[in-house]
Amino acid sequence: MEISQESATLPDSVKKLRACKICRLVKSASQFQGQGCDNCKIGKQTFEFKKFTTPKFSGMISLMDPTFSFAARYNKLNLIPGVYAIEVEGVQEEEIYQE
Ligand SMILES: [Zn+2]
């Protein structure tokens, strides 16, 4: 079996970690600011990453298998392996998904 998906950047610091409100990917604030979210392709701009990520989350899991059941709940997104928050505070998916 070949894993063709690239891996998300893992958090490089335990300080100032933030979680993407859409897919719950966890990275440091500076990573989001420089790279955006690996899944959602947003957040590179400062105003974007503050809107689409939050420091208020609890629990982290390392998602290395994209078919893991956690990911299946969000299968409308093509999650790449990385570290994900279990609970994200203040998620308003309806609002975020509105175009
Ligand atoms: Zn995301």
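The model shown is predicted, which means the values in this text are computed figures rather than measured ones. (Residues numbered from 1 in each chain as written. Predicted model: local features only at pLDDT ≥ 70, side-chain atom pairs only at ≥ 80, totals over all residues.)

## Points about the overall build of the protein
Rules: The helix and strand labels rest on DSSP assignments: H or I over at least four residues marks a helix, E over at least two residues marks a strand, and numbering proceeds from the N terminus. Two residues form a contact once the distance between their C-beta atoms, set from the backbone, is within 7 Å.
The helix and strand inventory of the protein stands at four helices and five strands. The order of α-helices and β-strands along the protein, N terminus first, is β-β-α-α-β-β-α-β-α. Here the analysis covers contacts within the protein between residues at least 6 apart in sequence; of these, 55% occur between residues at least 24 apart.

## Observations concerning the sheet that holds strand 1 (residues 17-20)
In a beta sheet, neighbouring strands are held together by backbone hydrogen bonds and run either parallel or antiparallel to one another. Rule in force here: When DSSP finds two or more bridges between a pair of strands, those strands are recorded as paired.
Strand order in the open sheet formed by three strands is 2-1-3, and the pairing between neighbours is antiparallel. Strands with a single pairing partner mark the edges of an open sheet, and in this sheet they are strand 2 (26-28) and strand 3 (53-54). Both strand 1 and strand 2 contribute to a ladder of three bridges, which runs antiparallel. Across the sheet, residue L17 finds its bridge partner in strand 2, namely S28.

## Things to note about the nonpolar core
Note the threshold: What we call a nonpolar core is a set of buried Ala, Val, Leu, Ile, Met, Phe, Trp, Tyr and Cys residues whose membership is set by joining through C-beta atoms within 7 Å. With C-beta atoms placed from the backbone, the exposure class of a residue follows from how many other C-beta atoms lie within 10 Å of its own: 20 or more, buried; 12 or fewer, exposed; in between, partly exposed.
The biggest cluster of nonpolar side chains holds 18 residues, and the ones touching the most others in it are A19, C20, C23, L25, V26, C37 and A85. Listing elements by their share of this core, those giving two or more residues are strand 1, helix 2 (46-52), strand 4 (57-63) and strand 5 (82-88).

## Topic: the environment of G36
By secondary structure assignment, the location of G36 is in the loop between helix 1 (29-35) and helix 2. Of the residues examined, G36 has 20 C-beta atoms within 10 Å and is grouped as buried. Between the C-alpha atom of G36 and that of F52, which follows or precedes it by 16 residues, the distance is 9.6 Å.

## Quick word on the environment of L63
Tracing the chain through its elements places L63 in strand 4. With 19 residues separating them in the primary sequence, L63 and G82 have C-alpha atoms 5.2 Å apart.

## Side note on unusual backbone geometry
For residues besides glycine, phi is generally negative; the peptide bonds are generally trans as well. If you check the backbone angles, R24 has positive phi at about 75° while not being a glycine. For R24, the location among the structural elements is in the loop between strand 1 and strand 2. Looking at R24, the number of C-beta atoms within 10 Å reads 28, which means it is buried.

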